[in-house]
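Listed below, chain by chain, are the residues.
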Amino acid sequence: MTKRDPSQLDFFKEQLFPVRAAADRIDIDRFRARLKRDMARAIRECPYDRPTIAARMADYLAVAGVSKATLDAYTAESAAAHDISLVRFKAFVRATGATWLWDTIVSDDGLLLLEGDEARLAEIARIQQERRALTAELKVLQATPVTIRRGRK
C-alpha cells in the first residue's frame, strides 16, 4: 500500500463537521425508516443484547419493564405504528451508549450534534472569525492618517 502524501486532499473522506441545510419538507416515512435502521445499528454495535438493553431502558425510565418485543417494534421498518417517544428514545440512547443517534434526529433540520468539548472548538472558530472582522475594520480605519489639531498653535 502506498502512503498518501499529507499535502494531498482526500476528496472521498467524509467531513467530520458537515455543513447542513434544513430540508424544505419533512418526509416522515423516510425519517422513520432511517431512525429505525439507525436504532437497529445501535443495537448491533452495542455490547449488550436486546434483553439487557430493554432492562437498562426500564431502569432509566423507572418502569417495571421494557420488553424485547418493544425494542423489536421500535426497530422494525414495517411497524410504523410503533414509533418511539422522545423520552423512551433518550433512555434507548443511554442504554445503548449510541449518542450519535441524536445527530440522526436533528440532521434534517440543518443542525449538527456537537459532543462535549467539540462545542469549545466551535466557539474558538467563532471568536477567530470575529477577530478577523475586527482586524479588517481596524485596517480600514488605520489606512487614513489622523490629523491631530489640538495642541497646535
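Worth saying up front: this structure is predicted, and the values here are computed from it rather than measured.

Rules of the game
- Residues numbered from 1 in each chain as written.
- Predicted model: local features only at pLDDT ≥ 70, side-chain atom pairs only at ≥ 80, totals over all residues.
- Heavy atoms only, no water.
- Helix = DSSP H or I, 4+ residues; strand = E, 2+ residues; numbered from the N terminus.
- Buried < 20%, exposed > 50% of the residue type's maximum accessible area, 1.4 Å probe, protein only.
- Areas by Shrake-Rupley, 256 points an atom, 1.4 Å probe, with all protein chains shown as cover.
- Salt bridge = Lys/Arg side-chain N within 4 Å of Asp/Glu carboxyl O.
- Axes fitted to C-alpha atoms, helices over the stretch in contact; angles between N-to-C directions.
- Parallel < 35°, antiparallel > 145°, perpendicular 65-115°, else oblique.
- Contact = heavy atoms within 4.5 Å.
- Polar contact = N/O pair within 3.5 Å; in protein donor to acceptor, adjacent residues only side chain to side chain.

Colleague: Explanation requested: the overall build of the chain in the structure shown.
Modeller: On a plain count of helices and strands, the chain comes out with 6 helices and 0 strands. Here the chain holds 153 residues, and the buried ones make up 23% of them. In the form shown here, the chain has an accessible surface area of approximately 12200 Å², with 55% of it arising from carbon and sulfur atoms.

Colleague: I'm lost on the pattern of salt bridges in this one. Help?
Modeller: Taken as a whole and assessed by the stated rule, the structure comprises 10 salt bridges. The partner of R34 in a salt bridge is D108, with the nearest N and O atoms 3.2 Å apart. Of this pair, R34 sits in helix α1 (residues 28–45) while D108 sits in the loop between α5 (101–106) and α6 (118–142), placing them 74 residues apart in sequence. When its relative accessible area of 29% is taken as the criterion, D108 is described as partly exposed. When the shortest N-O distance is used, the salt bridge between R41 and E45 registers 2.8 Å.

Colleague: So what exactly am I meant to see when it comes to the packing of helix α2 (residues 50–61) against helix α3 (residues 68–75) here?
Modeller: The relative placement of two packed helices is expressed as an angle between their axes plus a distance between the axes. Direction vectors running N to C along α2 and α3 enclose 95 degrees, while the axes themselves pass 8 Å from each other. Put simply, α2 runs roughly perpendicular to α3. The segment α2 lies against α3, with R50, P51, I53, A54 and M57 engaging K68, L71, D72, Y74 and T75.

Colleague: What am I meant to see in the environment of D72 here?
Modeller: Tracing the backbone shows D72 in helix α3. Among the residues examined, D72 registers a relative accessible area of 28% and is labelled partly exposed. The sequence separation of D72 and A40 amounts to 32 residues, and the corresponding C-alpha distance is 8.6 Å. In this structure the side chain of D72 is engaged in a polar contact, spanning 2.6 Å, whose partner is the side chain of R50.

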